[in-house]
Amino acid sequence: MPIDIESDQWGKSKQIDILEVEIERYLQKNSETAYTASEIADDLTVEKPEAFPESVLAERDAARLSRTVLVTSRLEKLAWHDRVEARTLDNESYYTDREDGQFPIAEVDQNIPNRFIDLEQKIEEIDDQLGRIRILLRDLDEVPSDFDLQ
C-alpha cells in the first residue's frame, strides 16, 4: 500500500539506513571475527532491534529471512565501498571489519557524479560571462577592430 510522503505516518517512520550504521558498529566492535549475514542479523535483532523495521521483528521464518536480506544488502554496499571485507568459506559468505581504503571502482562511482556537477557549474559560469559580453556588444554602436573575444 503506497504511503503519502506528506503524512504523519511517513514523517514519524524510522529510516532503515540506520541498519548500515549498526552493522558497521557491530563489525568494528567484533573486528577479530568474521560473520555471516544471518549471524549479524540475528545478533542485531537481539542487540539493536530498533535498527530494523517493526514489520520484520516477528519470530517467523519469513521475518528472519527479511532481516537477513536487509543485512545482506547493506553488507554488499559496505563491501563495494571497501568498508568491510567479504570472503567465501565452505560456500558461505563471511564479513568482517575493514578500516582502510576504498575500492577504486567505488571511488569512481562516487567521484564521477561530483565531476559532472563541477563541469556543469563551470559551463553555467561561462554561459553567464558570454551573456554579459553579448549585452556589452549589443550596447556598442561599433565594435572596435582590435576587439578580441578570446
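Note that the coordinates shown come from a computational prediction; the quantities given were computed from them, not determined experimentally.

Draft legend 1. Inspection of the overall build of the protein at higher detail. In terms of helices and strands, the protein carries five helices and two strands. Taken from the N to the C terminus, the helices and strands of the protein come in the order α-α-α-α-β-β-α. A total of 150 residues make up the protein; the buried ones form 22% of that total. Counted over contacts in the protein with a minimum sequence separation of 6, partners at least 24 positions apart contribute 50%. With the model as given, the accessible surface of the protein reaches about 11,700 Å², and the carbon-plus-sulfur share is 50%.

Draft legend 2. Summary view of a negative patch on the surface. On the surface, Glu120, Glu124, Glu125, Asp127 and Asp128 cluster together into a patch of negative charge. Here Glu124 lies in helix 5 (residues 104–139).

Draft legend 3. Looking closely at the pattern of salt bridges. Under the criterion given, the structure shown has nine salt bridges. Arg83 serves as the salt-bridge partner of Glu20, at 3.4 Å between the closest nitrogen and oxygen. Placement of the pair is Glu20 in helix 2 (residues 18–29) and Arg83 in the loop between helix 4 (61–80) and strand 1 (84–89), with a sequence separation of 63 residues. Glu22 is paired through a salt bridge with Arg25; the nearest N and O atoms lie 3.2 Å apart. In this pair, Glu22 and Arg25 both sit in helix 2, three residues apart, roughly one turn of the helix. When salt bridges that share partners are traced, they join Glu20, Glu24, Lys77 and Arg83 into one network.

Draft legend 4. A look at the environment of Thr68. Tracing the chain through its elements places Thr68 in helix 4. Taking the C-alpha atoms as reference points, Thr68 and Thr36, separated by 32 residues in sequence, lie 9.3 Å from one another. Once you skip the residues sitting within four places of it in the chain, Thr68 turns out to touch Ala37, Ser38 and Ala41.

Draft legend 5. Expanded view of helix 2. Helix length check: helix 2 (twelve residues) gives 16 Å between terminal C-alpha atoms against 16 Å at 1.5 Å per residue, within 8%. Three or more residues of helix 2 are buried, namely Leu19, Glu20, Glu22, Ile23, Glu24, Tyr26 and Leu27. On its buried face, helix 2 is in contact with helix 3 (37–47), helix 4, strand 1 and strand 2 (92–97).

Draft legend 6. Structural view of the pairing of strand 2. Looking at chain direction, strand 1 and strand 2 are connected through six bridges and run antiparallel. Across the sheet, the residue bridging to Glu85 is Thr96, located in strand 2. Between strand 1 and strand 2, which pair antiparallel one after the other, the connecting turn spans two residues, and Asp90 there sits at a positive phi close to 50 degrees.

Draft legend 7. Here's a closer look at the packing of helix 2 against helix 3. Two elements in contact, helix 2 and helix 3, have axes separated by 11 Å at closest approach and are oriented at 105 degrees. Considered as vectors, helix 2 and helix 3 are oriented roughly perpendicular to each other. On the side of helix 2, the interface is formed by Leu19, Glu22, Ile23, Tyr26, Leu27 and Lys29, while helix 3 contributes Ile40, Asp43, Leu44 and Glu47. For the contact of helix 2 with helix 3, a count of residues per class yields six nonpolar, no polar and four charged.

Rules behind the numbers
- Residues numbered from 1 in each chain as written.
- Predicted model: local features only at pLDDT ≥ 70, side-chain atom pairs only at ≥ 80, totals over all residues.
- Heavy atoms only, no water.
- Helix = DSSP H or I, 4+ residues; strand = E, 2+ residues; numbered from the N terminus.
- Buried < 20%, exposed > 50% of the residue type's maximum accessible area, 1.4 Å probe, protein only.
- Contact = heavy atoms within 4.5 Å.
- Areas by Shrake-Rupley, 256 points an atom, 1.4 Å probe, with all protein chains shown as cover.
- Patch = residues over 30% accessible without salt bridge, like charges linked within 9 Å, V, L, I, M, F, W, Y side chains within 5 Å.
- Salt bridge = Lys/Arg side-chain N within 4 Å of Asp/Glu carboxyl O.
- Lys, Arg positive; Asp, Glu negative; His and termini not counted.
- Charge placed at Lys NZ, Arg CZ, Asp CG, Glu CD.
- Expected span 1.5 Å × (residues − 1).
- Pairing = 2+ DSSP bridges.
- Axes fitted to C-alpha atoms, helices over the stretch in contact; angles between N-to-C directions.
- Parallel < 35°, antiparallel > 145°, perpendicular 65-115°, else oblique.
- Nonpolar A, V, L, I, M, F, W, Y, C, P; charged D, E, K, R; others polar.

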